[in-house]
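# Coordinate analysis (summary)
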Amino acid sequence: MVITMENALFVISLLIGIVLIIIFVTENSKQSSVVEEFYSLGTYNQLKVHGKNANKAVEQSIKKIREIDNKMSVFKEFSEISKINKNAGKDPQTVSKDTFYVIKKAIEYCSISKGSFDITIRPIVGLWGIGKVGQKIPGINEIKEKLKFVNYKDIVIDKDNSSIFLKNKNQEVDVGGIAKGYAADEVKNIILKNGVKSALINLGGNILVIGTKEDGTPWSVGIQDPIKARGEFALTISVVNKSVVTSGNYERYFEQDGKRFHHIINPGTGYPSEGDIISATIISNNSIDGDGLSTGVYIMGIHEAVKLIEEIKGVDAIFITKSKEVYITSGMRENFKITSNDFVYKK
Ligand code: ADP
Ligand code: MG
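Residues numbered from 1 in each chain as written. Chains lettered and ligands numbered in written order. Predicted model: local features only at pLDDT ≥ 70, side-chain atom pairs only at ≥ 80, totals over all residues. Heavy atoms only, no water.

As a further point, take the pairing of strand S2 (residues 43–51). With 7 of 9 residues buried, S2 lies mostly within the body of the structure. Of the pairings in the sheet, the one linking strand S1 (residues 32–40) to S2 comprises 9 bridges and is antiparallel in character. The residue bridging Val34 from the neighbouring strand is Val49, located in S2. In sequence, S1 turns back onto S2 through a hairpin of 2 residues, with Leu41 there showing a positive phi of about 55 degrees. (Buried < 20%, exposed > 50% of the residue type's maximum accessible area, 1.4 Å probe, protein only. Helix = DSSP H or I, 4+ residues; strand = E, 2+ residues; numbered from the N terminus. Pairing = 2+ DSSP bridges.)

Considered domain by domain, the protein is made up of domain 1 (33–68 + 177–345) and domain 2 (75–166). Contacts between domain 1 and domain 2 engage 29 residues on the former and 24 residues on the latter. Contact between domain 1 and domain 2 buries roughly 2300 Å² in total, counting both sides, with carbon and sulfur atoms accounting for 73%. Our count for the contact surface shared by domain 1 and domain 2 stands at 2 salt bridges. One can count 5 residue pairs in polar contact (both at pLDDT 80 or more) joining domain 1 with domain 2. (Domains from an automatic or database assignment. Contact = heavy atoms within 4.5 Å. Buried area = accessible area lost by both parts, 1.4 Å probe. Salt bridge = Lys/Arg side-chain N within 4 Å of Asp/Glu carboxyl O. Polar contact = N/O pair within 3.5 Å; in protein donor to acceptor, adjacent residues only side chain to side chain.)

Let us now look at the site of ligand 1. Taken together, 18 residues surround ligand 1, and among them Asp174, Ser247, His263, Ile265 and Thr295 come closest. At a separation of 3.0 Å, a nitrogen atom of ligand 1 approaches a polar backbone atom of Ser116. Lys180 is positioned such that a nitrogen or oxygen atom in its side chain is 2.9 Å from an oxygen atom of ligand 1. Taking 560 Å² as the accessible area of ligand 1 by itself, protein coverage stands at 96%. Among the elements that line the shell around ligand 1, the one with the most residues is helix H8 (residues 287–299), at 3 residues. Looking at which domains feed residues into the shell around ligand 1, each of domain 1 (33–68 + 177–345) and domain 2 (75–166) gives three or more. (Near = heavy atom within 4 Å. Areas by Shrake-Rupley, 256 points an atom, 1.4 Å probe, with all protein chains shown as cover.)

A few words on the coordination of the magnesium ion (ligand 2). Looking at the magnesium ion (ligand 2), one finds its protein donor set to be Gly177 (O), Asp291 (O), Asp291 (OD) and Thr295 (OG1), positioned 2.1 to 2.5 Å from the metal centre. Donor residues binding the magnesium ion (ligand 2) come from one chain and are separated in sequence as G-x113-D-x3-T. Note that Gly177 is positioned in the loop between strand S5 (163–166) and helix H7 (179–193) and Asp291 in helix H8, a separation of 114 residues in sequence. (Donors = N, O, S within 2.8 Å, 3.2 Å for Na, K, Ca; no water.)

Before going further, it helps to examine the sheet that holds S1. The mixed open sheet is built from 9 strands, whose spatial order is S1-S2-S6-S7-S10-S13-S14-S15-S17. Since the sheet does not close on itself, it has two edges, and those belong to S1 and strand S17 (344–345), each with one partner. Where strand S15 (residues 325–328) and S17 come together, 2 bridges link them in parallel fashion. Each residue of the ladder has a partner; that of Val326, found in S17, is Tyr345. Sheet contacts for helix H9 (residues 302–311): strand S13 (277–284), strand S14 (316–321) and S15; angle to S14, the most-contacted strand, approximately 170 degrees. (Axes fitted to C-alpha atoms, helices over the stretch in contact; angles between N-to-C directions.)

Below, the discussion takes up the pattern of salt bridges. A side chain of one charge can pair with a side chain of the opposite charge when the charged atoms of the two come close. What the rule picks out here adds up to 16 salt bridges. One salt bridge connects Asp98 with Lys71, and the closest N-O pair in it is separated by 2.6 Å. Pair noted here: Asp98 is in helix H4 (residues 97–112) and Lys71 is in helix H2 (residues 54–72), with a separation of 27 residues, a long-range link. In this pair, the class of Asp98 matches that of Lys71, namely buried. Among the salt bridges present, the one from Lys307 reaches Glu311, with a minimum N-O distance of 3.4 Å. Note that Lys307 and Glu311 are positioned in helix H9 at a spacing of 4 residues, about one turn of the helix. Considered together, Lys307 and Glu311 belong to a single accessibility category, that of exposed residues. Connected through salt bridges with shared partners, the residues Lys64, Glu67, Lys71, Asp98 and Glu186 form a single ionic network.

Attention now moves to the packing of aromatic side chains. Taken as a whole, this structure holds 7 aromatic pairs when the rule is applied. Aromatic side chains Tyr39 and Tyr44 sit 4.9 Å apart centroid to centroid with 70 degrees between the ring planes, which places their arrangement in the edge-to-face category. Taken together, the aromatic side chains of Trp128, Phe254, Phe261 and Tyr271 make up a single cluster linked through ring pairs. (Phe/Tyr/Trp six-rings, centres within 6.5 Å; stacked < 30°, edge-to-face > 60°.)

Right, let's talk about the sheet that holds strand S8 (residues 219–224) for a bit. If you trace the 3 strands from one edge of the open sheet to the other, you get S8-S9-S16, paired in antiparallel fashion. One side of each edge strand has no neighbouring strand; the edge strands of this open sheet are S8 and strand S16 (336–338). For this sheet, the mean inter-axis angle between neighbouring strands, taken without regard to orientation, is 20 degrees. Both strand S9 (residues 233–239) and S16 contribute to a ladder of 3 bridges, which runs antiparallel. Pairing of Thr236 across the sheet is with Lys337, part of S16.

A separate point is H8. Structural remark: α-helix, 3.6 residues per turn; residues separated by three or four positions point the same way. With 13 residues, H8 should cover 18 Å at 1.5 Å per step; its first-to-last C-alpha distance of 19 Å lies within 8% of that length. Counting buried positions along H8 gives 13 out of 13 residues, so the element sits mostly inside the fold. (Expected span 1.5 Å × (residues − 1).)

Contact pair H7 / H8: the axes reach a minimum separation of 7 Å and the direction vectors enclose 170 degrees. Considering the angle they form, H7 stands roughly antiparallel to H8. Contacts between H7 and H8 involve Ala179, Lys180, Gly181, Tyr182, Ala184 and Asp185 on the former and, on the latter, Ser287, Ile288 and Asp291. For the contact of H7 with H8, the per-class residue count stands at 4 nonpolar, 2 polar and 3 charged. (Parallel < 35°, antiparallel > 145°, perpendicular 65-115°, else oblique. Nonpolar A, V, L, I, M, F, W, Y, C, P; charged D, E, K, R; others polar.)

If you want it as structure tokens, here you go:
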């Protein structure tokens, strides 16, 4: 064969082609999907991560979640939250950046919700035995006594010293209503740092999605039917890069004399919230905002809750009421599908 310029070019292009195919195949074989389930933060969690560094991202994420649990659990003697509570009325306690940030954000949401969300609710939550076995209705006098000390305005934060102090010795904080949101945001950062573009973070029903699904379509997130069993949805929404956090009366509860006592306490009464909302979902960019808001608005009346969320830019909400009506704020109205005949959309 005579080596002409044309032949040489053909062979070179062929070789380049083969090399490109090999690169493509090896790159693709490195893509993997990892689904990992684990218990932490007092709940079941699932991470679904798709991409080259999925394994590494999941490993680092679980480590971070456990670290947050160790710092912020009210049930762990050695946690920073326990340290703050034990030293209430005595000394300010130096805490990590994580805990300081969560408490600072929590106070913001206590204020935005005008005290519906109040992380100094802990003594009342303890009285109801939430998160423990053998729950029972506490006595009205015990409730009244402890209610006197519920006031988030008594939390003193000092940025320069990264310290937290509770003014009164009878006070205790509980970041159970916001810590999962923070953990989800931290996991998102870890996943993004690993170059992953598609993932679903589910921390006990708090959902945060990164990008789209593997196939490029939006994620479909189901909102639990608050009346039916777990896993049955009242509606679904489709989202890309969003946090979807729901507070509901079906999450943790006990029943006594045919009545349900759930875990979201109205700081005005000291009893589980009995307002018209039975499920409050917040759709936001950051999950800490969604978590802090969902617990607070759950306790408010429906109209006040809708009004508050409409006022916050970039945040939307879906509320389900006792009378089985679904309220949706303006940013989500094009983007939902009621999947159960039990519920009606309230325009
Ligand atoms: P979940 O933890 O089930 O996702 P939430 O985010 O709504 O639900 O948080 C509920 C938890 O927050 C309770 O278990 C309790 O520890 C705490 N909590 C209960 N009532 C309040 C309240 N009014 N303000 C702040 N935290 C609360
Ligand atoms: Mg919450």
